[in-house]
Amino acid sequence: MSNYSPIRIAIFASGTGSNAEKIIEHFTGHPRIKVALVVCNKPDAGALNIAAHHQVPVLLIEKEPFFRGDAYVAALKQQEIGFIVLAGFLWKIPAALIQAYPNRIINIHPALLPKYGGKGMYGRHVHEAVIAAGEKESGITIHYVNEHFDEGAPIFQAACVVEPGDTPESLAQKVHVLEHLHFPRVVEEVVRRYEE
Ligand SMILES: Nc1nc2c(c(=O)[nH]1)N[C@@H](CN(C=O)c1ccc(C(=O)N[C@@H](CCC(=O)O)C(=O)O)cc1)CN2
Ligand SMILES: NCC(=O)N[C@@H]1O[C@H](COP(=O)([O-])[O-])[C@@H](O)[C@H]1O
């Protein structure tokens, strides 16, 4: 990696994009790191409006070529993307993309892994399971991405209290506070390690 050109990050998102927005805001004007692309698999995702608002280019991806594995690797390399951040992205990253970005893809999960992870464990489903299990705490896990859902090496965790009256919505709000507080800083710490 050059000592002079900023490291170009792609954020992958499928939904509202609140984490994508916090990351974009965090790196706006940053001398060494730039959010260069938002990759999205849902044409109606809020993340696309956030990208447009912040003048970040977008790449809309299709299911069949994406799961074929290597279809978008060339596009990402052509955009000189050096790091990938999954922020509410709901498709499994194929092995070919992981191999193209070894230890360069990280994800945020809205629970304290290894519990409440895996296929089907996304968004509201996670908070429903945590509450149904009577957990006294939940939180976030930021981790490297491997070929399996939510089994990559952990990077950072933070917890919040689950109170008796909590609903999936109220718990989601507590988790979002943790995500917005920690994810941008952790992304910067991890990318800087990659740069060293
Ligand atoms: N190879 C990997 N890909 C992805 C990971 C990962 O750890 N390794 N993390 C996910 C994010 N995630 C949890 O943090 C997650 C997202 C979605 C699902 C899931 O079950 N998805 C459904 C499809 C949902 C949809 O298309 O609307 C499914 O695969 O059936 C589980 C975990 C991102 N990718
Ligand atoms: N398993 C993946 C998963 O559930 N990710 C979760 O999706 C939400 C996206 O919110 P956002 O679109 O507002 O950033 C976040 O809470 C993130 O942890």
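Just so it is clear, the structure is predicted and the values come from calculations on it, not from any experiment.

In this section: the packing of aromatic side chains. Considering all chains together, one arrives at eight aromatic pairs under this definition. Seen in terms of ring centroids, phenylalanine 66 and phenylalanine 89 are 5.8 Å apart; in terms of plane orientation they differ by 75°. Their pairing is edge-to-face. Note that phenylalanine 66 is positioned in helix α3 (residues 63-68) and phenylalanine 89 in the loop between β4 (81-86) and α5 (95-100), a separation of 23 residues in sequence. The same class applies to phenylalanine 66 as to phenylalanine 89, namely buried. Taking relative accessible area as the criterion, phenylalanine 89 reaches 8% and is therefore assigned buried. Ring pairing ties together the aromatic residues Phe12, Phe66, Phe67, Tyr72, Phe89 and Trp91, which thus form one cluster. In this structure, lysine 92 is placed above the aromatic ring of phenylalanine 149, and the distance from its NZ or CZ to the ring centre is 4.7 Å. Directly above the aromatic system of phenylalanine 156 lies the positively charged group of arginine 185, at a separation of 5.4 Å from the ring centroid.

Glancing now at the pairing of strand β1 (residues 7-13). In terms of burial, β1 is a largely internal element, six of the seven residues being buried. A crossover links β1 with its parallel partner strand β2 (residues 33-40), the connecting element being helix α1 (residues 18-27), and its sense is right-handed. By the bridge criterion, five bridges tie β1 to β4 in an arrangement that is parallel. If you follow arginine 8 over to β4, its bridge partner there is isoleucine 81.

Turning to the site of ligand 2, a few remarks are in order. Gly17, Ser18, Asn19, Gly123 and Glu179 are the nearest of the 14 residues found near ligand 2. Glycine 17 is positioned such that a nitrogen or oxygen atom in its backbone is 2.7 Å from an oxygen atom of ligand 2. Within the backbone of glycine 123, an N or O atom sits 2.7 Å from an oxygen atom of ligand 2. Expressed as a share of its isolated accessible area of 450 Å², the protein-covered part of ligand 2 is 89%. If you map ligand 2 onto the pockets, it falls in the largest pocket. Put simply, the parts of the chain that give the shell around ligand 2 at least two residues each are α1, β5 (105-109) and α7 (168-195). Residue composition of the shell around ligand 2, by class: four nonpolar, nine polar and one charged.

The subject of this paragraph is the site of ligand 1. Near ligand 1 there are 23 residues, and of these Asn107, Lys119, Gly120, Asn146 and Asp150 occur at the shortest range. Backbone polar atom of histidine 148 to a nitrogen atom of ligand 1: 3.0 Å apart, as the coordinates give it. A total of 720 Å² of accessible area belongs to ligand 1 in isolation, and the protein chains cover 88% of it. The dominant element in the shell around ligand 1, judged by the number of residues it contributes, is β5, at three residues.

What follows deals with the UniProt feature "active site" (unreviewed entry) in the protein chain. Taking the UniProt record as the reference, the feature "active site" (unreviewed entry) is found at His109. Position of histidine 109 relative to the elements: it lies in strand β5. Beyond its immediate stretch of four places on either side in the chain, histidine 109 contacts Tyr116, Gly117, Met121, Val126, Gly139, Ile140, Thr141, His143 and Asp150.

Rules and cut-offs
Residues numbered from 1 in each chain as written. Chains lettered and ligands numbered in written order. Predicted model: local features only at pLDDT ≥ 70, side-chain atom pairs only at ≥ 80, totals over all residues. Heavy atoms only, no water. Phe/Tyr/Trp six-rings, centres within 6.5 Å; stacked < 30°, edge-to-face > 60°. Helix = DSSP H or I, 4+ residues; strand = E, 2+ residues; numbered from the N terminus. Buried < 20%, exposed > 50% of the residue type's maximum accessible area, 1.4 Å probe, protein only. Lys NZ or Arg CZ within 6 Å of the ring centre and 35° of its normal. Right-handed = clockwise from strand over helix to strand, strands pointing away. Pairing = 2+ DSSP bridges. Near = heavy atom within 4 Å. Polar contact = N/O pair within 3.5 Å; in protein donor to acceptor, adjacent residues only side chain to side chain. Areas by Shrake-Rupley, 256 points an atom, 1.4 Å probe, with all protein chains shown as cover. 1 Å grid on protein atoms, 1.4 Å probe; cavity = no way out; pocket = protein on both sides within 12 Å on 5 of 7 lines; lining within 4 Å. Sits in = over half its atoms within 2 Å of the grid points. Nonpolar A, V, L, I, M, F, W, Y, C, P; charged D, E, K, R; others polar. UniProt positions renumbered as here; feature names shortened; annotations may be inferred. Contact = heavy atoms within 4.5 Å.

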